[in-house]
Amino acid sequence: LWLITFRISKALTVVFGSLVLLFALLAIGEYSTAIHKIAGYVGLFCGGSAIYTGYATLLNATWKGNFLPLGPYTAPTVSDSKV
């Protein structure tokens, strides 16, 4: 899922990227308490960024504006490519 978010928005890329990192740290944290504690902080960051992304998506769609930025990716145009 993380790779697909590169075509949607930067906010979703941050959410799913931190989620992948969180799962990896939680797996490693089974053997190290320090890593497990770091995973907790990454989880807080992941949750906070997910709340922001959800709220921004809802607010921007409801009021049809760009009140909270999501960092949309722009698709390359034909003139941008070296054909």
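Above this text sits the structure in question.
Residues numbered from 1 in each chain as written. Predicted model: local features only at pLDDT ≥ 70, side-chain atom pairs only at ≥ 80, totals over all residues. Heavy atoms only, no water.

### Details of the overall build of the protein chain
As a reminder of what qualifies: By definition, any uninterrupted DSSP run of H or I lasting at least four residues is a helix, any uninterrupted run of E lasting at least two residues is a strand, and each is numbered from the N terminus. Three exposure classes are used, based on accessible area relative to the maximum for each residue type with a 1.4 Å probe and protein chains only: buried under 20%, partly exposed in between, and exposed over 50%. Note on contacts: a residue pair is in contact if any heavy atoms of the two residues lie within 4.5 Å. Each accessible area value is a Shrake-Rupley result obtained with a 1.4 Å probe; residue values ignore everything except the protein chains displayed when judging cover.
When helices and strands are tallied, the protein chain shows 2 helices and 0 strands. Out of the 83 residues belonging to the protein chain, those deemed buried represent 20%. At a minimum sequence separation of 6, the contacts of the protein chain that also span at least 24 residues come to 44%. Total accessible area on the protein chain is roughly 6300 Å²; 74% of this is exposed by carbon and sulfur atoms.

### Let's talk about a nonpolar patch on the surface
Convention followed: Note that patches include only residues with greater than 30% relative accessible area and no salt bridge, and the join distances are 9 Å for like charges and 5 Å for nonpolar side chains (Val, Leu, Ile, Met, Phe, Trp, Tyr). Whenever a carboxyl oxygen of Asp or Glu lies within 4 Å of a side-chain nitrogen of Lys or Arg, that contact is scored as a salt bridge.
A cluster of nonpolar residues, Trp 2, Leu 3, Phe 6, Val 20 and Tyr 73, forms a patch on the protein surface that exposes about 470 Å² of accessible area. Considering the arrangement of structural elements, one finds Val 20 in helix α1 (residues 10–28).

### Details of unusual backbone geometry
Negative phi values dominate among residues other than glycine, just as trans dominates among peptide bonds. For Lys 64, which is not glycine, the phi torsion reads 50° and is therefore positive. Mapped onto the elements of the fold, Lys 64 is located in the segment after α2 (33–63). According to the relative accessible area criterion, Lys 64 is exposed, its value standing at 74%.

### Some words on the side chain of Ser 9
Mapped onto the secondary structure, Ser 9 falls in the segment before α1. Ser 9 sits in the buried class, given a relative accessible area of 6%. Contact partners of Ser 9, with chain neighbours within four places excluded, come to Leu 70, Gly 71, Pro 72 and Tyr 73.

### Section: the packing of aromatic side chains
Here is the rule we go by: Two rings belonging to Phe, Tyr or Trp (six-membered ring only in the last case) form a pair when the distance between their centres is within 6.5 Å. Interplanar angles under 30 degrees mark stacking, angles over 60 mark edge-to-face geometry, and anything in between is tilted.
Evaluated as defined, the whole model comprises 1 aromatic pair. Consider the rings of Trp 2 and Phe 6, whose centres lie 5.1 Å apart with planes at 65°: the pair is edge-to-face. Assessed through its relative accessible area of 35%, Trp 2 is described here as partly exposed.

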